[in-house]
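# Examination of the molecular architecture
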Amino acid sequence: MAEQLKAIKGMNDILPPHSARWEWLEDTVRALMRRYGYQNVRVPIVEPTALFVRGLGEVTDIVEKEMYSFEDSLNGDKLTLRPEGTAGVVRAINEHSFLYEGGKRLYYIGPMFRHERPQKGRYRQFHQVGAEVLGFAGPDVDAETILMSAALWRDLGLAVGDDVRLEINSLGQPEERRAHREALITYLQSHEALLDDEARRRLHTNPLRILDTKNPALQAVVEGAPRLIDFLGEASLAHFDAVKQALDAAGIAYRVNPRLVRGMDYYNLTVFEWVTERLGSQGTVCGGGRYDGLIEQLGGKPAPAVGWGLGMERLLLLLEEVGKVPAPVVPDAFAVVLAGTPLPQVLATLEALRAQGVSVLLNPAGKDGPASPKSQFKKADASGARFALVFGPDEFSRGEVAIKPLRDGGEQRLAPLADVAGWGPGLRAAG
Ligand code: ATP
Ligand code: MG
């Protein structure tokens, strides 16, 4: 036998029955997006490397060590598998002057790629739902995007404030960050002996990111560091207050976490994360914030924006952890076809049912005809279908099919094929 090839480490196959949970999550997301007026956007998975280097910032974990970058072997172009969705969406709206007529609410669902150490909740190919609102500057939009994420948790059956908790912060504006940065560097320099290699390296390139360190040994230094929030001016504070007031009015609990910074450099003003205690150290399910400078930074006409991204694998792990995944999808009916029944007419009958929205599974006949009734009924039971449609040669030649309830009790009955167009309501699962 030929050697079997395997998937790349950290890149997962999503197979049935598990894939049904993904479809359920995607359906729930799409219904949510419709309610909030978001439109779907699909951009390439491969982009010029420069997009992410310029967009996310050179001294970020993602750009420094997590990107799958390669050269196009045909022309030497430097390309990268997208590690996140925002930069590509911004490139697309710039390229197509998409904000020309005004602001836009967009969302996407798709794979992202980061070269990380695979573990539970952390993969090399993972999937995000992303929401981006472009062209609106007010805090009402920050609040609405956060409220929309909270609505998604509710739609999925998660307890907001318990299964997932909201943390928010304000990163202010670039000039406020600069003043804080000076103070932070001075502070960190005075504690340089306590820093790890990475922190020392970042001291002058990106000291804010040191506050986001996962090294427990640095927590004490980080705790005592000057807080960005103390450097915010009136306008930034007013924006932050307005967001908080909107969350209060909607009854969404949050914790202001002054040390919350995010993994990309493009954020300003509001940043937030939804975190859970139920997934160990991979506890951030969703994160986002405002990124008013990015559109211009990537060559577009200046326009404000805000958005978030959520990790679908982590969200599904959390939903499984708290037992909030839907029951497996089962067919309405399972066709048991006994030897001697004309298959073309059986197939035509099933088509008439499917046209009415009935889901019917046919047990395929082998080369030697249908399997034994016993084996077919066993499969019908295992399928979870509510009804077996028993196609027997004698009944069929009289123009009848037996409908046998498999789960809710009740008698088997013979139904005239002439009425097949009316079977739908009786066979379809309620709702
Ligand atoms: P973390 O701090 O856990 O590395 P991050 O800040 O790098 O997360 P973002 O870039 O904000 O994550 O991406 C948004 C969401 O995507 C995260 O909150 C998380 O749910 C998910 N995510 C990020 N990286 C991964 C990964 N390697 N595997 C699975 N999900 C991921
Ligand atoms: Mg990360």
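Residues numbered from 1 in each chain as written. Chains lettered and ligands numbered in written order. Predicted model: local features only at pLDDT ≥ 70, side-chain atom pairs only at ≥ 80, totals over all residues. Heavy atoms only, no water.

## With respect to the sheet that holds strand S4 (residues 78–81)
Read across the sheet, three strands follow the order S2-S4-S3 without closing on themselves; strand pairing throughout is antiparallel. Strands at the two margins of the open sheet, each flanked by one partner only, are strand S2 (46–48) and strand S3 (68–71). Taking the axes of each pair of neighbouring strands and ignoring which way they run, one obtains an average angle of 35° across the sheet. Bridge analysis of S3 against S4 gives four bridges, and the strand direction is antiparallel. Pairing of Glu-71 across the sheet is with Lys-78, part of S4. Across the sheet, helix H2 (residues 49–56) lies against S2, S3 and S4, angled at about 70° from S2, the strand it touches most. (Pairing = 2+ DSSP bridges. Helix = DSSP H or I, 4+ residues; strand = E, 2+ residues; numbered from the N terminus. Axes fitted to C-alpha atoms, helices over the stretch in contact; angles between N-to-C directions. Contact = heavy atoms within 4.5 Å.)

## Let's talk about the pattern of salt bridges
For the coordinates displayed, the defined rule picks out 28 salt bridges. For the salt bridge of Glu-116 with Arg-122, the shortest nitrogen-to-oxygen distance reads 2.9 Å. Taken individually, Glu-116 and Arg-122 each receive the classification buried, so the pair is uniform in this respect. (Salt bridge = Lys/Arg side-chain N within 4 Å of Asp/Glu carboxyl O. Buried < 20%, exposed > 50% of the residue type's maximum accessible area, 1.4 Å probe, protein only.)

## Things to note about the UniProt feature "domain: Aminoacyl-transfer RNA synthetases class-II family profile" (unreviewed entry) in the protein chain
UniProt tags residues 25–342 as "domain: Aminoacyl-transfer RNA synthetases class-II family profile" (unreviewed entry). As a span, residues 25–342 carries 36% helix and 22% strand, and end to end its C-alpha atoms are 41 Å apart. (UniProt positions renumbered as here; feature names shortened; annotations may be inferred.)

## Some words on unusual backbone geometry
Here the bond from Pro-16 into Pro-17 is cis, since omega is 5°, no more than 30 degrees from zero. The residue Pro-17 is located in the segment before helix H1 (19–35) in this model. One non-glycine residue, Ser-97, adopts positive backbone phi at about 40°. On the secondary structure map, Ser-97 appears in the loop between helix H4 (86–95) and strand S5 (104–113). Its identity is not glycine, yet Leu-269 carries a phi of approximately 45°, on the positive side.

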